[in-house]
Amino acid sequence: MKHIATVVIGAGHCGLAMSKHLLDRGIDHVVLDRGKVANSWRTQRWDSLRLLTPNWQSRLPGHAYAGPDPDGYMTAPELTGYLQSYSDRIGAPVETDTTVLRVSARSGGYRVDTDRGSWMCRTVVVASGICAMPVVPTLSNGAPADIECLEPFAYRNPRQLRPGGVMIVGASATGVQLAREIRASGRDVLLCVGEHVRLPRLYRGRDINWWMDAMGLMDVRHDEIPDLERARRLPTAQLIGTPEHETIDLNTLRDAGVEIVGRLVALDGGEAKFSGGLANHCALADLKMNRLLDSIDAWVAASGHDHGFGPPRRFEPTRLDRTPRLGLDLRHGRIETIIWATGFRPDYSWLDVPVLDRKGRMRHSGGIVASPGMYVMGLRFMRRRKSSFIDGAAADARDLADHMLSFLARAAA
């Protein structure tokens, strides 16, 4: 049994940001990861994936991107190298290839059991990621047995897929990117679309994330939002990182030959049934996008720097077929593969502490978990709008490390 002040679980960007702030405060700690640094980016990403945020936004505590392409988007191997380099530079005390089996509360702290021994600690930081497990709806059980069903973690590139059509369920960032890539391989693609967030990649000559950052929208705090739970449930924006800074939305996919249908609501007897609310979902996404563009234009006008940016513009409304299909018989061979791009969730199966709500979500206030001495990092809108972004880890880790330092001082008094 090893004893230490703090155990950080996860050596991704959140765990490393926390480690840097703990090092700065002299808090003795270890960072545990089941694989290597940035393990999920090494093992659970498709081949062509790039970051959805520009490289300059990959800021970590005391470290900023200094490469040749600040406005580009890192590939998964590039990000892996970036995080490994950061870990090495700060001297993060990472224990790799160490799987956490159980975390349980004990008198005066927590016991962390791993496949390489156990730790006793006063505080624990859960930084194991929000995309540890894909979320697949129960209606997936109705898929015909002869259709291959894949989750995004199992997808690498179109060459692995069977010949034939592909139905992608979900049209947030993952779904639209896979639809674009698989359609470009020559396959028929049908994309099931529900609520979504539409954004242009560039607006008035700048990345959409540049505007969000410059206007302070990414720094909005969790306690300033009237409906925080709603904000945390919003789908990820339809964005893609490419060298050409392309915009991806339902119009570009439709132009490429992707068939757009409503949300998948049932798989019954081999027939897929789609919602009739597609037009409403698209109209709402268009409306929200235009509201954001209006706010950008107003901010530019108020700054007095109109000449420094391109002209305002508005984008074509989402185009749909006059009567999108409401059903498709999956037994006749058009669709050979279904990809469930229906979201992700954390994996807390090893957490034996009563801090989860009835839906399995962590109960916390700004990352301070409902168990003394436990903290969580990287959740959506955890402390700020940017909490789940690489760029959000520094500020959140600073706040939580300050709280931890006070907590440990009180516990030692």
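Now for a look at the structure at hand. (Residues numbered from 1 in each chain as written. Predicted model: local features only at pLDDT ≥ 70, side-chain atom pairs only at ≥ 80, totals over all residues. Heavy atoms only, no water.)

1. A few points about the overall build of the chain
Then, number 1: Scanning the chain from terminus to terminus reveals nine helices and 24 strands.
Then, number 2: Its C-alpha atoms give the chain a radius of gyration of 22 Å, near enough to 22 Å, the size a compact globule of 413 residues would have.
Then, number 3: Each of the three principal axes of the chain carries a C-alpha extent, and together these read 70 × 60 × 40 Å.
Then, number 4: For the chain, the proportion of contacts with a sequence separation of at least 24, taken over those separated by at least 6, is 69%.
Then, number 5: Of the roughly 18000 Å² of accessible surface on the chain, a fraction of 51% belongs to carbon and sulfur atoms. (Helix = DSSP H or I, 4+ residues; strand = E, 2+ residues; numbered from the N terminus. Rg over C-alpha atoms; globule rule 2.2 N^0.38 Å. Contact = heavy atoms within 4.5 Å. Areas by Shrake-Rupley, 256 points an atom, 1.4 Å probe, with all protein chains shown as cover.)

2. Some words on the packing of aromatic side chains
Then, number 1: For the coordinates displayed, the defined rule picks out seven aromatic pairs.
Then, number 2: With a centroid separation of 5.7 Å and 55° between ring planes, the pair formed by Trp210 and Phe309 is classed as tilted. Remark: Phe309 occurs in the loop between α8 (278-303) and β18 (327-329) and Trp210 occurs in helix α5 (residues 208-214); sequence separation between them is 99 residues.
Then, number 3: Here the aromatic cluster, defined as three or more aromatic residues joined through ring pairs, consists of Tyr203, Trp210, Trp211, Trp299 and Phe309.
Then, number 4: Seen from the ring of Trp41, Arg45 lies directly overhead, with NZ or CZ sitting 4.4 Å from the centre.
Then, number 5: It is Arg206 that lies over the ring of Trp210; its NZ or CZ is 4.3 Å from the centre. (Phe/Tyr/Trp six-rings, centres within 6.5 Å; stacked < 30°, edge-to-face > 60°. Lys NZ or Arg CZ within 6 Å of the ring centre and 35° of its normal.)

3. Let's talk about helix α9 (residues 393-412)
Because each turn of an α-helix spans 3.6 residues, side chains separated by three or four positions in sequence point in the same direction.
Then, number 1: The end-to-end C-alpha distance of α9, which contains 20 residues, comes to 28 Å, matching closely the 28 Å that a straight helix rising 1.5 Å per residue would cover.
Then, number 2: Among the residues of α9, those classed as buried are Ala393, Ala394, Ala395, Asp396, Ala397, Asp399, Leu400, Ala401, Met404, Phe407 and Leu408.
Then, number 3: Along its buried surface, α9 packs onto β1 (2-9), α1 (13-24), β6 (117-126), β23 (368-369) and β24 (374-376). (Expected span 1.5 Å × (residues − 1). Buried < 20%, exposed > 50% of the residue type's maximum accessible area, 1.4 Å probe, protein only.)

4. Comments concerning the pattern of salt bridges
Working definition: two side chains of opposite charge can pair if their charged atoms are close together.
Then, number 1: Overall, the coordinates contain 33 salt bridges when judged by the stated rule.
Then, number 2: Between Arg183 and Asp188 there is a salt bridge, with the nearest N and O atoms lying 3.8 Å from each other.
Then, number 3: The class for Asp188 is partly exposed, based on a relative accessible area of 41%.
Then, number 4: Here Asp329 makes a salt bridge to Arg331, at a shortest N to O gap of 2.9 Å.
Then, number 5: When its relative accessible area of 52% is taken as the criterion, Arg331 is described as exposed.
Then, number 6: Three or more residues are tied together by salt bridges with common partners; here these are Arg383, Arg384, Asp396, Arg398 and Asp399. (Salt bridge = Lys/Arg side-chain N within 4 Å of Asp/Glu carboxyl O.)

5. Notes on the side chain of Asn55
Then, number 1: Turning to its location among the elements, Asn55 is positioned in the loop between α2 (39-43) and α3 (76-90).
Then, number 2: Among the polar contacts listed, one links the side chain of Asn55 to the backbone oxygen of Asp69, at a separation of 2.7 Å.
Then, number 3: Beyond its immediate stretch of four places on either side in the chain, Asn55 contacts Tyr65, Asp69, Pro70, Gly72, Tyr73 and Met74. (Polar contact = N/O pair within 3.5 Å; in protein donor to acceptor, adjacent residues only side chain to side chain.)

6. Brief notes about the sheet that holds strand β16 (residues 264-268)
Then, number 1: Taken together, the three strands give an open sheet; going across it, the order is β16-β17-β18, and neighbouring strands pair in antiparallel fashion. Since the sheet does not close on itself, it has two edges, and those belong to β16 and β18, each with one partner. When strand polarity is set aside, the average angle formed by the axes of neighbouring strands in this sheet is 15°. (Pairing = 2+ DSSP bridges. Axes fitted to C-alpha atoms, helices over the stretch in contact; angles between N-to-C directions.)

7. Here's the deal with the sheet that holds strand β9 (residues 165-169)
Then, number 1: Judged by pairing direction, the sheet is parallel, and its five strands sit side by side in the order β8-β19-β9-β10-β15 without closing on themselves. Looking at the sheet topology across the chains shown, the edges are occupied by β8 (148-150) and β15 (259-262). Averaged over neighbouring strand pairs, the angle between their axes works out to 20° when direction is ignored.
Then, number 2: Of the strand pairs in this sheet, strand β10 (residues 189-193) and β15 are connected by four bridges, and their pairing is parallel. Bridge assignment links Cys192 to a residue of β15, and that residue is Val261.
Then, number 3: Along the sheet face, helix α4 (residues 173-184) touches β9, β10 and β19 (335-340) and points at about 170° away from the line of β10.

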